[in-house]
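# Survey of secondary and tertiary structure
If you want the building blocks of each chain, they are given just below.
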Amino acid sequence: MIQDKYLNLKLSERGAIISIITYLVLSALKLFVGLTMGSRALSADGFNNVTDIVASAAVLVGLRLSQRPADSDHPYGHWRSETIASLFASFVMMAVGVQVFFDGAKSIFTGHEERPDLLAAWVGLFCAAVMFFVYAYNKRLSMRTKSASVLAAAKDNLSDAWVSVGASAGIIGTQLHLPWLDSVVALLIGVLICKTAWDIFRESSYNLSDGFDDELLSSFDQIVHSVSGVEGVRDIRGRTYGNNTVIDLVIVVHPDMGLREAHQISSQVEKVLMDKYDVFDVHVHVEPNEQN
């Protein structure tokens, strides 16, 4: 099972590498066309992709560090390296998002009469089409490897595609004698970058602080109660290490039950949670039911 986890991490690197290469090319194209043709929206979209390069690189580094086996300093492994990398990426994205937002707001108040060339809009639509293909690839890869980080990257790819569509719409708007629309779209892109950064920060900090879904924990509790021989669940806790779920629980059994039988029940609890919910590791403590 552990080998499969490491293999999935290795396969997940493909998504991060493809995203990095794509963002490198598209950000250079958008920034060049946006700056030379006077489109603030397309330039903002290019800066958005620059932050995506950092985010994808952080995910790649995190995936590779996560593949390190457990050692004396990290007895639970290095699975959380991926989460730490995502947290770092959120800080970089927020800094760029704030800059893009204030540049767009400043342009609205100071006026921006320049009309970008319509070619910039076509460049934006082309980039959007490329990102839709990258999204489809990463979405399939995330389903194959069950990687939350690759799935998050796929969602970011889809968001970037729609941002490019919006940038193109802003450029087309300037051709319809709405010069302010390009700056408004740039401002909105800044807001979107900040929102994406906040979402990544919130999820990463939640996982690093051992936050866990109450509903999922409740479903674990119910499935453990259904195991033959378990008379109750005294305590159950969950935490995550990267994409891996670890469960700690205390079950109660009949007080006259032998040690061997109690151990078999705890092993069955472990097996059910691992097979049904793909839990990475389960720690079961058995106590006698004092009410009997």
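This text goes with the structure placed above it.
Below, the structure is looked at part by part. In this convention, every chain numbers its residues from 1, walking through the sequence in written order. Reporting in this predicted model follows two pLDDT cut-offs: at least 70 for local features of residues, and 80 or more for side-chain atom pairs to be given and counted; totals over whole chains, interfaces and linings ignore these cut-offs and use all residues. Side-chain metrics in this entry use all non-hydrogen atoms of the structure; hydrogen atoms and water are not considered.

### Structural notes on the overall build of the protein
Our working definition: Strands are runs of DSSP state E lasting at least 2 residues, helices are runs of H or I lasting at least 4, and numbering of each runs from the N terminus. All radius of gyration figures rest on C-alpha atoms, and the globule criterion is 2.2 Å times the number of residues raised to 0.38. Relative accessibility decides the category of a residue: with a 1.4 Å probe and only protein chains considered, values under 20% of the type maximum give buried, values over 50% give exposed, and everything between is partly exposed. In this description, contact between two residues means that some pair of their heavy atoms is separated by no more than 4.5 Å. Each accessible area value is a Shrake-Rupley result obtained with a 1.4 Å probe; residue values ignore everything except the protein chains displayed when judging cover.
Within the protein one finds eight helices and three strands. Mapped in sequence order, the helices and strands of the protein form the string α-α-α-α-α-α-α-β-β-α-β. Relative to a compact globule of 292 residues, whose C-alpha radius of gyration would be 19 Å, the protein shows 25 Å and is clearly more extended. Dimensions of the protein along its principal axes, counting C-alpha atoms only, are 85 × 35 × 30 Å. When each of the 292 residues of the protein is scored for burial, the buried share is 47%. Put simply, of all contacts in the protein between residues at least 6 apart along the chain, 74% involve residues at least 24 apart. Taken as a whole, the protein presents about 15100 Å² of accessible surface, with 62% of it coming from carbon and sulfur.

### Overview of the sheet that holds strand β3 (residues 281-288)
Sheet strands pair via backbone hydrogen bonds, and the direction of the pair is either parallel or antiparallel. As a reminder, the rule being used: Here a strand pair is declared whenever DSSP counts at least two bridges between the two strands. Interaxial angle, 0 to 180 degrees, is taken between N-to-C directions of lines fitted to C-alpha atoms, where a helix line uses only the stretch in contact.
Strand order in the open sheet formed by three strands is β1-β2-β3, and the pairing between neighbours is mixed. The sheet is open, and its two edges are formed by β1 (232-241) and β3, each paired on a single side. For this sheet the average axis-to-axis angle between neighbouring strands, irrespective of direction, equals 10°. Here strand β2 (residues 244-253) pairs with β3 via eight bridges, running parallel. Looking at the pairing, Asp248 lines up with His283 of β3. Contacts from helix α7 (residues 214-225) reach β1 and β2, with the element oriented near 135° to β1. Taken strand by strand, helix α8 (residues 259-277) contacts β2 and β3, and its axis lies near 145° from that of β3.

### So, unusual backbone geometry
At Asp210, a residue that is not glycine, the phi angle is positive and equals roughly 65°. Counting through the fold element by element, Asp210 comes out in the loop between α6 (180-208) and α7. One non-glycine residue, Asp278, lies in the positive phi region at around 55°. Asp278 sits in the partly exposed class, given a relative accessible area of 33%.

### Some details on the side chain of Thr22
As for its placement among the helices and strands, Thr22 is situated in helix α1 (residues 2-36). If near-sequence neighbours (up to four positions away) are discounted, Thr22 is found in contact with Val130, Met131 and Val134.

### Looking at the nonpolar core
So the rule is basically this: Only buried residues count toward a nonpolar core, which is a set of Ala, Val, Leu, Ile, Met, Phe, Trp, Tyr and Cys residues joined through side-chain atoms within 4.5 Å.
Core analysis: the biggest nonpolar cluster contains 20 residues, and Phe220, Val224, Ile247, Leu249, Ile251, Val269 and Leu273 have the highest contact counts within it. Among the elements of the structure, α7, β1, β2 and α8 are those that each provide at least two residues to this core. Apart from the residues lying within four places of it in its own chain, the contact partners of Val224 are Val230, Val233, Leu249, Ile251, Val269 and Leu273. Core analysis: the second largest hydrophobic core is formed by 15 residues, Ala85, Ala89, Val163 and Ile193 among them.

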